[in-house]
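# Analysis of the macromolecular model
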Amino acid sequence: MLIASPDETRTESAITEDEIATGRDITAAELGDTPREYQELVVGLLRGHAAGEAFVLDKDIFSHWAADAPRAEDRFMVLTTIKEELEHALEGWRLLRQLSDLIDWTDLSPVPSGGSRYEGFRHPTTEWAEFAALSALTDRVGCFQQEEQLDCSYVPYAEAVQKVYFPLEKGHAARGRFWLRELCKTDDGLARAQAAVDVWWPRALDMFGRSESSRQHLYIQYRLKKRTNEERRKAYIATVRPELESLGLTVPDNSVGRQFI
Ligand SMILES: [Fe+2]
Ligand SMILES: [Fe+2]
């Protein structure tokens, strides 16, 4: 992910882990002076944003709803989300380009390919209620991830979360809730929304990652995140489960259908 260090034996950096842990914020120009471990974490986060969003161009998963959504209003809302997810990806690309001296660009592509295509939230949606649930549940996961990064230690990333990522993801999740609410107004729609939530609830919970992941503590130590995966997942469940139930939906048990516990 990073290019080889000129001196791989060098273990000390000008800016130490302790300094970052105790409140020193880092600019793009300073990133090369931080511990390599921190550089890896930051570049990994930025790559995730640059390469994780253009799945909206995938016809089977996402973009066909710009033509197939039920009403004109919905089709334009889908189009807006597509535009914003591409902005999301390009903001990640902009932040990566500030670090061109540090990064190995091999294999970085904005468009998902091959084996990773259907991981996580990348599942084909053939039914409108599934797309509504995908938007309501998985974009909301993004909100819970980003709300604790608004003041994170890497300054360009914190600014991107404040100005781009967090506001956009909140909007996407709100669109999804709107669509679910509309569906739940009729018996048929409620049944379709229920089937979709049964599928997407475990997928959304899985997106928070494994509870025992070792990397999560590094992110916290370097002030790039604040909560463990399980703490974040619990906060999500406490907020989102009652919201869905208020629509008349029955939310599956939190352990059903899960892959990453
Ligand atoms: Fe996004
Ligand atoms: Fe989104």
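Scroll up to find the structure.
Because the structure is a prediction, the values reported are computed rather than measured. (Residues numbered from 1 in each chain as written. Chains lettered and ligands numbered in written order. Predicted model: local features only at pLDDT ≥ 70, side-chain atom pairs only at ≥ 80, totals over all residues.)

## Things to note about the overall build of the protein
- In terms of regular secondary structure, the protein is built from 10 helices and 0 strands.
- Ordering the α and β elements of the protein from the N terminus gives α-α-α-α-α-α-α-α-α-α.
- For 261 residues, the compact-globule formula gives about 18 Å, and the C-alpha radius of gyration of the protein, at 19 Å, lands near that figure.
- Considered along the principal axes of its C-alpha atoms, the protein spans approximately 65 × 35 × 30 Å.
- A fraction of 74% describes how many contacts in the protein between residues 6 or more apart in sequence connect residues 24 or more apart. (Helix = DSSP H or I, 4+ residues; strand = E, 2+ residues; numbered from the N terminus. Rg over C-alpha atoms; globule rule 2.2 N^0.38 Å. Contact = placed C-beta atoms within 7 Å.)

## What to know about the nonpolar core
- Ala132, Ala133, Leu137, Leu180, Ala193, Val197 and Trp200 are the most contacted members of the largest nonpolar core, which has 36 residues in total.
- It is helix α6 (residues 128-146) that provides the largest number of residues to this core, a total of 11 residues.
- Within the second largest apolar cluster, 25 residues are counted, among which are Leu41, Ala50, Ala160 and Leu224. (Core = buried A, V, L, I, M, F, W, Y, C linked by C-beta atoms within 7 Å. Buried ≥ 20, exposed ≤ 12 C-beta atoms within 10 Å, placed from the backbone.)

## Points about helix α8 (residues 187-206)
- A rise of 1.5 Å per residue sets the reference length of α8, with its 20 residues, at 28 Å; its end C-alpha atoms lie 29 Å apart and thus fit the reference within 8%.
- Along α8, the largest kink reaches about 30° and is centred on Trp200; proline Pro202 follows within four residues of it.
- All buried positions along α8 are accounted for by Ala193, Gln194, Ala196, Val197, Trp200, Trp201, Arg203, Ala204 and Leu205.
- On its buried side, α8 packs onto α6, α7 (155-183) and α10 (229-245). (Expected span 1.5 Å × (residues − 1). Bend = angle between axes of the 7 residues up to and from the residue.)

## A look at the packing of α6 against α8
- Packing of α6 against α8 leaves a shortest axis separation of 8 Å and a crossing angle of 30°. Where α6 crosses over α8, the handedness of that crossing is right-handed. Contact residues: α6 offers Ala129, Glu130, Ala132, Ala133, Leu134, Leu137, Thr138 and Val141, while α8 offers Arg192, Ala193, Ala195, Ala196, Val197, Val199, Trp200, Trp201 and Ala204. (Axes fitted to C-alpha atoms, helices over the stretch in contact; angles between N-to-C directions. Left-handed = near helix turned anticlockwise from the far one by under 90°.)

## A word on unusual backbone geometry
- Of note in the backbone geometry, Arg223 takes a positive phi value of approximately 55° without being a glycine.
- As for its placement among the helices and strands, Arg223 is situated in the loop between α9 (215-221) and α10.
- On the basis of neighbour count, Arg223 is assigned to the buried category, with 21 C-beta atoms found within 10 Å.

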